[in-house]
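# Working through the structure, step by step
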Amino acid sequence: MKNLLVLLTFLLCTNFSIAQKQITTWDGEVYRNMTISLKDGSTLVGYGKVILIEFDDFISFKRTKDEGGTLYAFEDIINLKTTVGNKECLFEYKTLIASPEGKWLKLIEVIVDGKLMIYQGYFDSTSTDAKRTYYISKKGDDVVRSLKSGDTYSSYVTNKILYYTKSCSTLTKKLKTKYFKRYGIKDIANFYNNECSSKR
């Protein structure tokens, strides 16, 4: 029993040390004014920042600038609101399918809302279009797929879009002839939402 307790203590300390190292490695984000809605019905108002531990997004939150931060994960959170630049942004958790690597939980923001949904990641809010990571899903889905930078001239991105929009022959033709701008992922989604039927 004593040996078991020593082993468990060692494993816990090791995992904590690894997590702390990962937090430090990815901790380029500053604390922002943030409002977090929790699944228990409560709301946190104060200062928060998103940190990356392994591949999942976590939130370090504190009510005042002077207190220590408390770590919150997807199990606790419905969404968060914060201001990026001059814009108030709403982020929510979605499951990213990253086959064959697995599933990751990411905080993402809706940037095109319709039958076809386009999102961007928390850390992409201030990036240029060519450096941003986009995500795609049908409305109501909890699972999203990455479009990387949204380079619509890439077969990887085109195939991902066609998975959701292949019933719209007009859009398919436009994609194959590079009708849209290279990083015009939002234009493509808006075209589908406004001009195509809702069938997948």
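Residues numbered from 1 in each chain as written. Predicted model: local features only at pLDDT ≥ 70, side-chain atom pairs only at ≥ 80, totals over all residues. Heavy atoms only, no water.

## A few points about the confidence of the model for the chain
Convention followed: As a per-residue measure, pLDDT reflects the predictor's confidence and takes values from 0 up to 100. Only DSSP runs of H or I with at least four residues qualify as helices, and only runs of E with at least two residues qualify as strands; both kinds are numbered from the N terminus onward. A contact between two residues is defined here by any heavy atoms of the two lying within 4.5 Å.
Counting all residues, the mean pLDDT for the chain is 81, and 78% of those residues have values of 70 or more. Within the chain, no element has a lower average pLDDT than helix 1 (residues 2-26), which sits at 38, and none a higher one than helix 4 (residues 185-195), at 96. In this model residues 2-27 is a low-confidence stretch, pLDDT under 50, and it forms 8 contacts with partners more than four residues away in sequence or in other chains.

## Details of the side chain of threonine 158
With respect to the secondary-structure elements, threonine 158 resides in helix 2 (residues 155-165). In this structure, threonine 158 is in contact with Thr152 and Leu175, ignoring residues within four places of it in sequence.

## Considering the environment of isoleucine 118
Along the chain, isoleucine 118 turns up in strand 8 (residues 116-121). For the pair formed by isoleucine 118 and isoleucine 108, sequence separation is 10 residues and the distance between their alpha carbons is 9.6 Å. Once residues lying within four places of it in the same chain are set aside, the contact partners of isoleucine 118 are Glu109, Val110, Ile111, Val112, Tyr134, Tyr135, Ile136, Leu147, Ile185 and Ala189.

## Digging into the packing of aromatic side chains
Put simply, the rule is: Note on ring pairs: Phe, Tyr and Trp rings are taken, using the six-membered ring of Trp, and paired if centres are within 6.5 Å. Classes follow the plane angle, with under 30 degrees stacked, over 60 edge-to-face and the rest tilted. In this scheme, a residue with accessible area under 20% of its type's maximum is buried, one over 50% is exposed, and one in between is partly exposed, where area comes from a 1.4 Å probe on protein chains only. We call a charge positioned above a ring when the Lys NZ or Arg CZ atom is no farther than 6 Å from the ring centre and deviates by at most 35 degrees from the ring normal.
Per the stated rule, a full pass over the model turns up 6 aromatic pairs. When the centroid spacing of 6.0 Å and the interplanar angle of 70° are considered together, the rings of phenylalanine 180 and phenylalanine 191 count as edge-to-face. Of the two residues, phenylalanine 180 is situated in the loop between helix 3 (169-176) and helix 4 and phenylalanine 191 in helix 4; the sequence distance between them amounts to 11 residues. As far as burial versus exposure is concerned, phenylalanine 180 and phenylalanine 191 are alike and both buried. Here the aromatic residues Tyr179, Phe180 and Phe191 are joined through ring pairs into a cluster of three or more. Sitting over the face of the ring of tyrosine 156, lysine 148 holds its NZ or CZ atom 4.3 Å from the ring centroid. The cationic tip of lysine 174 hangs over the ring face of tyrosine 179; the distance from NZ or CZ to the ring centre is 3.7 Å.

## Here's the deal with the nonpolar core
For soluble globular proteins, the rule of thumb is that nonpolar side chains tend to be buried together. We count it as follows: Residues belong to one nonpolar core when they are buried, are Ala, Val, Leu, Ile, Met, Phe, Trp, Tyr or Cys, and are joined through side-chain atoms within 4.5 Å.
Core analysis: the largest hydrophobic core is formed by 20 residues, its most contacted members being Ile118, Ile136, Leu147, Ile161, Leu171 and Leu175. Within the residue set of this core, elements represented by two or more residues are strand 8, strand 9 (134-138), helix 2, helix 3 and helix 4. Among the elements that line this core, the one with the most residues is helix 4, at 5 residues. Discounting chain neighbours no more than four positions away, the residues touching leucine 171 are Thr165, Phe180, Ile188, Phe191, Tyr192 and Cys196. In this structure, Leu38, Ile59, Val84 and Tyr93 belong to the second largest nonpolar core, which totals 17 residues.

## Describing the pairing of strand 2 (residues 43-53)
Stated precisely, the cut-off is as follows: The pairing criterion for strands is at least two bridges between them, as found by DSSP.
Along strand 2, 8 of the 11 residues are buried, which leaves the element largely enclosed by surrounding structure. Strand direction decides the pairing type here: strand 1 (residues 32-38) and strand 2, joined by 6 bridges, are antiparallel. The residue bridging serine 37 from the neighbouring strand is threonine 43, located in strand 2. In textbook terms, the turn of a hairpin is the stretch between consecutive antiparallel strands, and for strand 1 and strand 2 this stretch comprises 4 residues, one of which, glycine 41, has a positive phi near 95°.

## Focus: the pattern of salt bridges
Which entries qualify depends on this criterion: The working definition used for a salt bridge is a side-chain nitrogen of Lys or Arg within 4 Å of a carboxyl oxygen of Asp or Glu.
Summed over the entire model, instances satisfying the criterion amount to 5 salt bridges. For aspartate 57, the salt bridge is made with lysine 106, and the minimal N-O distance between the two is 3.4 Å. Here aspartate 57, found in strand 3 (residues 56-62), pairs with lysine 106, found in strand 7 (residues 102-112); they are 49 residues apart in sequence, far enough to count as distant. With respect to class, aspartate 57 is no different from lysine 106; both count as buried. Close ionic contact of aspartate 151 with arginine 182 constitutes a salt bridge, the shortest N to O distance being 3.0 Å. A residue pair is termed long-range when its members are at least 10 positions apart, and aspartate 151 in the loop between strand 10 (143-148) and helix 2 and arginine 182 in the loop between helix 3 and helix 4 qualify at 31 residues.

## Details of the packing of helix 2 against helix 3
Applicable threshold: To obtain each axis, a line is fitted to C-alpha atoms, and for helices this fit is confined to the stretch in contact; angles are then taken between N-to-C directions over 0 to 180 degrees. Oblique is the label for any angle not under 35 degrees, not over 145, and not in the 65 to 115 range, which are roughly parallel, roughly antiparallel and roughly perpendicular in turn. Residues were grouped as follows: Ala, Val, Leu, Ile, Met, Phe, Trp, Tyr, Cys and Pro as nonpolar; Asp, Glu, Lys and Arg as charged; and all remaining residues, including Gly, as polar.
Look at helix 2 against helix 3: their axes get within 10 Å of each other, and the N-to-C directions meet at 175°. With respect to helix 3, the element helix 2 is oriented roughly antiparallel. Counted together, Thr158, Ile161, Leu162 and Thr165 of helix 2 and Leu171, Thr172 and Leu175 of helix 3 form the full contact between these two elements. Across the contact of helix 2 with helix 3, the residue classes tally to 4 nonpolar, 3 polar and no charged.

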